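# Geometric and topological summary
Below, each chain spelled out in residue letters.
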Amino acid sequence: MDFRRVPSIPPLRWDGFLCRVVTMQQDRIRNFCIIAHIDHGKSTLADRILELTHAVAAKDMRAQLLDSMDIEQERGITIKSHPVRMEYTAADGEDYIFHLIDTPGHVDFHHEVSRSLAACEGCLLVVDAVQGVQAQTINNLYLALEHDLAILPVINKIDLPAARPDVITQQIVDLIGCDPEEVSRVSAKTGEGVAELLEKVVEMVPPPAGDRQAPLRALVFDSQFDAYRGTIAYLRVVDGRVRKGDTIRMMGGGQVHEVMETGFFRLRQIPTDRLEAGMVGYLATGAKSVSAVQMGDTITLDERPASDPVLGYVEAKPMVFSGFYPIVSDDYEELKDSLEKLQLNDAALTFEPETSAALGFGFRCGFLGLLHMEIVQERLEREYNLDLIATLPNVEYRCVLKTGEELEIENPSIMPEPQLIETMSEPYVRASIIVPKEFVGAVMKITQERRGEQISMEYLDAERVEMRYAIPLGELVVDFYDKLKSVTRGYASLDYEFWEYRPSDLVKLDILLNGDPVDALSVIVHRSKAYEFGKALCRKLKELLPRQLFAIAIQAAVGSRVIARSTVKALRKNVTAKCYGGDISRKRKLLEKQKEGKKRMKQVGSVEIPQEAFLAILKVER
Amino acid sequence: MSDVGGELSLYLHLPFCDRRCPYCHFTCFVNRDAALPLRYVRALAAEFALWRRRFSAPIATVYLGGGTPTALDPPAREYLSRWLAEELAGELAPQAEITLEVNPESAWPETLEPWVEAGVNRLSLGIQSMDEDVLAFLGRLNTPDSNRRALALAARLVDDLSVDFILATPGSSLRSMEESLHLVEEFAITHVSAYLLEIHEDTRFGRDVRAHRWSPLPADEQARRYLRAVELLQGWGFEAYELSNFAREGRSSRHNQAYWSGGSYLGLGISAHSHDAGTRWWNLDDAEQWIEMVRSGRPGVAGREELSEEQKREEELLLRLRTREGLDAEGQEHNRALWERWIESGLALQEGRRLRLSPAGWLVMDEIVLRLLRSS
């Protein structure tokens, strides 16, 4: 088949061009997204769709086109929503507008997925032809069903020799109860089946239902900061219309802005004179603060406000916290500026100044999950050229004091003394793990080690089992996913969502060096794990602390009780034996270099701690 | 560059060796050009003459080092020793210290006597060890026998007799080190340089270690050897006046002290380094280029640096702490807490107004210097 057929609309150019289809009948619009388990080929399918609709010129084409950040390209993941508008001429000869919203695939970015879904009427549920239905497939499907979307099941990678389209079709049929014929089979890589899929989009995804005469209601599903145009809201117009010069009001936040520009998305943003019900586009507010436009909020017109906001929105809350400290304390202000800049495009990132006796001035940052944390850290280091120490990530604990006072603990070092505490509680997630049946035992073992409680276990088919657990989030955030992958030889898939806070026997484990506590190394752990973890920490620190002029006693303590210890012996020799004429300059230069290195060391009492010690703590077996 | 008055030290670099030692990172080579040594030593004399216009202070110390000065061929040796006796003699301060570095295997009456007759009054012998295995490991041409023979000869020729030892070679025993050091008691030795073996990257040893062919002795063992060496030498009446240098009373090397006390010194020959009042400069390291430059009437300088005040302070700290003299306690008030802790734990001592490091402190001196710099 020829999937490169030429549509009647010629390829469009987006540098200062005028779109041919400015106003589109609402029934010619299709808004959809692609949801898939990670690595099931979502971004590649998006690439093919862009090609087929000529939304991108051949010379601009490259893999994972919508993932514009370096990190996205390198890691093969999608972090931000990437809406794009395409014109498509269907087999019936009619012109349609497609709005495709590429959504993040990782579990950390659930909230982004949720908002993107709220902007659509349909979704492509992509399933790998080899791997089949995975944990995120199922959870994303539930999300899509919650938003009442038309679901177009798609089996991708049918070109692979190991592809099992019939088996996978059956999995999908079992999962969503559709007819086998409804399942599209494509290869995003070769393009096979993609043209047919686009026809299905026209046929199966309902046109948007909004009322263009009603008061404006537009859902903000993402935002971006632009130095010239201020905060830019990515929106889906549900009812009414909006144009440049309108005065808009945020229904949730209450802020009022004047619309500087409206437009739609290609690879870049293309201004248009207005956006109308059913359309996906952007709106520039000129506002210089990230709080001007909250994602998930509804935009309406100030002079003719709507009565109800668009529903179906859950605010993203940080789940994982870590202290970010500049290695060189002079970089503090720069770190602050950089975090502020990042936050403009990443509303889920939170940060507050904090001080550590060991690390100096820094920020307690909140993230959606570990991947989110890694990405923020990497961007700070790469795009803003900062050297950072990130402390061991932790979840937010809750503490009720004997006085009845309640505390939220985002930083372990502020956990009160045990005798003051009535109860401690920690967040639990509902985790879903799908594995081939031979790994059930392995999964039970590691979830048990992580204090997981099994809720259910269900055979999805003869081979695969879905195991559901309640697990403390704190146990998941460190390296659970890597562990799970390794004990199941890569077959397990994991998804989870926040469930509830549960009371828990938690203690604070402190690390002392020569008797001085190192606040940045304190962790909150379950009492049953304190001993092992303390031992492991002491061992690791012994490896990492360089020998110094005096011996270093490393102790792990819960309260005043030392539960593990080790010692770094005193340095005995560090000197250049010969130093005559020519050696002197060399020696001084070496010293100057070492002096710079020393600046990167953190000092607690008389002990110097290299940054690696703080980093390697992340890798300690729990 | 200015002549600050006072005294001047002179270093003459003689880069020729019969064999390259696998640990040596100095500029030296096994010469194949029969005419080069004479041209080289002529250029040494010429370079001195060029500098002498600017540095007129009396010359308090001269050091003929290398390389292997005693391996110079007769014409070059004759030229240089005559220059020493006839030209340089008139420029010397009273009681100038004139040292010649000697490799035992090339120490014979005919290679040493001309130098002594020309004014050399101090000999420094590269003994390194009295253990055959250690000498073989170090790739030395000398043997325990040639060491003894050279020492007997040297002791007959001069009153100031220095020997070098290399401590803590891998595979060697503490006992072997002790036996080697005993040589000091056997001969009339007045000065000892005892160095822990250093591995420099661009040497054969450096490559060996990088390739994991062998490892240096563990740092703790090196420390143990060094402290034992200090103990033995002190027991025999030597004073550690610098971390690797030991002398009987009044016999410390004045030339060395010029390096550590910020004195003015002129280095002549390839790669030689010079210092005067906070300016350091160094010579070209290619013999032909250096000769050519000197011939054209300019000293063979390759580069120079002017030390900032901070760099001067750093150097002073770095160098003074190596010596028994140590630092003035008044200048260290801001580091009082550090020093007190070091004194308490035996790394440092205070004697009157001087703060200095003990042998155990010298062993960790690089760390100590960094601590002092960090807190200042």
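Starting from 1, residues in each chain are numbered consecutively following that chain's sequence as written. Just so you know, chain letters begin at A and ligand numbers begin at 1, following the order they were written in. Note on the predicted model: pLDDT of at least 70 is required for a residue's local features to be given, and 80 or more for side-chain atom pairs to be given and counted; whole-chain, interface and lining totals, by contrast, use all residues. Only hydrogens and water are set aside; all other atoms, that is, all heavy atoms of the structure, feed into the side-chain values.

Another point: the side chain of Glu466(A). Residues and elements named next belong to chain A. Numbered from the N terminus, helices here are DSSP runs of H or I no shorter than four residues, and strands are runs of E no shorter than two. Relative to the helices and strands, Glu 466 is located in strand 25 (residues 464-472). Classification of Glu 466 as buried rests on a relative accessible area of 6%. Reaching out from Glu 466, the side chain makes a polar contact with the side chain of Ser 432 at a distance of 2.8 Å. Contact partners of Glu 466, with chain neighbours within four places excluded, come to Ile 138, Ser 432, Ile 433, Ile 434, Ser 456, Met 457, Glu 458 and Leu 460. Only protein chains enter the accessibility calculation, which uses a 1.4 Å probe; a residue whose area is less than 20% of its type maximum is buried, one above 50% is exposed, and one in between is partly exposed. Polar contacts, as counted here, are pairs of nitrogen or oxygen atoms within 3.5 Å of one another; within protein the pair requires one atom able to donate a hydrogen and one able to accept it, and residues that are adjacent in sequence qualify only if both atoms are side-chain atoms. A contact between two residues is defined here by any heavy atoms of the two lying within 4.5 Å.

Turning next to the packing of aromatic side chains. Ring pairs are drawn from Phe, Tyr and Trp, using the six-membered ring of Trp, whenever the two centres fall within 6.5 Å, and their geometry is named by plane angle: stacked under 30 degrees, edge-to-face over 60, tilted for the rest. Under the definition given, this model contains 28 aromatic pairs over all chains. When the centroid spacing of 5.8 Å and the interplanar angle of 35° are considered together, the rings of Tyr580(A) and Trp260(B) count as tilted. Of this pair, Tyr580(A) sits in the loop between strand 31 (561-568) and helix 13 (581-599) while Trp260(B) sits in helix 10 (residues 254-260), on two different chains. Each member of the pair, Tyr580(A) together with Trp260(B), is buried. Linked through ring pairs, Tyr580(A), Tyr195(B), Tyr241(B), Tyr259(B), Trp260(B) and Tyr265(B) together constitute an aromatic cluster. Here Arg398(A) stacks its cationic end above the ring of Tyr501(A), 3.8 Å away from the centre of that ring. The cationic tip of Arg502(A) hangs over the ring face of Tyr428(A); the distance from NZ or CZ to the ring centre is 4.5 Å. Ring-over charges, as used throughout, are those where CZ of Arg or NZ of Lys falls within 6 Å of the ring centre and within 35 degrees of the ring normal.

Time to look at the sheet that holds strand 15 (residues 280-284) of chain A. All names here are of chain A. DSSP calls a pair of strands paired once it identifies at least 2 bridges connecting them. Spatial ordering of the open sheet is given by 11-10-16-7-8-15-12-13, a layout of 8 strands whose pairing is antiparallel. Two strands bound the open sheet, and with one partner strand each, they are strand 11 (256-258) and strand 13 (269-272). Averaged over neighbouring strand pairs, the angle between their axes works out to 40° when direction is ignored. Across 4 bridges, the pairing between strand 12 (residues 261-265) and strand 13 is antiparallel. Each bridged residue has a counterpart across the sheet, and for Gly 263 the counterpart in strand 13 is Pro 271. Only C-alpha atoms enter the line fits that serve as axes; for helices the fit covers just the stretch in contact. Angles between N-to-C directions range over 0 to 180 degrees.

On the side of chain B, 45 residues touch chain A, which itself brings 33 residues to the contact. In total, chain A and chain B occlude about 3900 Å² of area from one another, counting both sides; carbon and sulfur atoms represent 54% of this. Salt bridges, as used here, are contacts in which a Lys or Arg side-chain nitrogen is within 4 Å of a carboxyl oxygen on Asp or Glu. Put simply, chain A and chain B have 10 salt bridges between them. The salt bridge involving Glu305(B) is made with Arg588(A); its shortest N-O contact spans 3.0 Å. Here chain A and chain B share 27 residue pairs in polar contact (both at pLDDT 80 or more) between them. Following the grouping adopted for this structure description, the nonpolar residues are Ala, Val, Leu, Ile, Met, Phe, Trp, Tyr, Cys and Pro, the charged ones are Asp, Glu, Lys and Arg, and the polar ones are all others, Gly among them. Broken down by class, the residue content of the side of chain A that touches chain B amounts to 10 nonpolar, 9 polar and 14 charged. Note on definitions: buried area is the accessible-area loss of two parts on being combined, 1.4 Å probe, summed for both.

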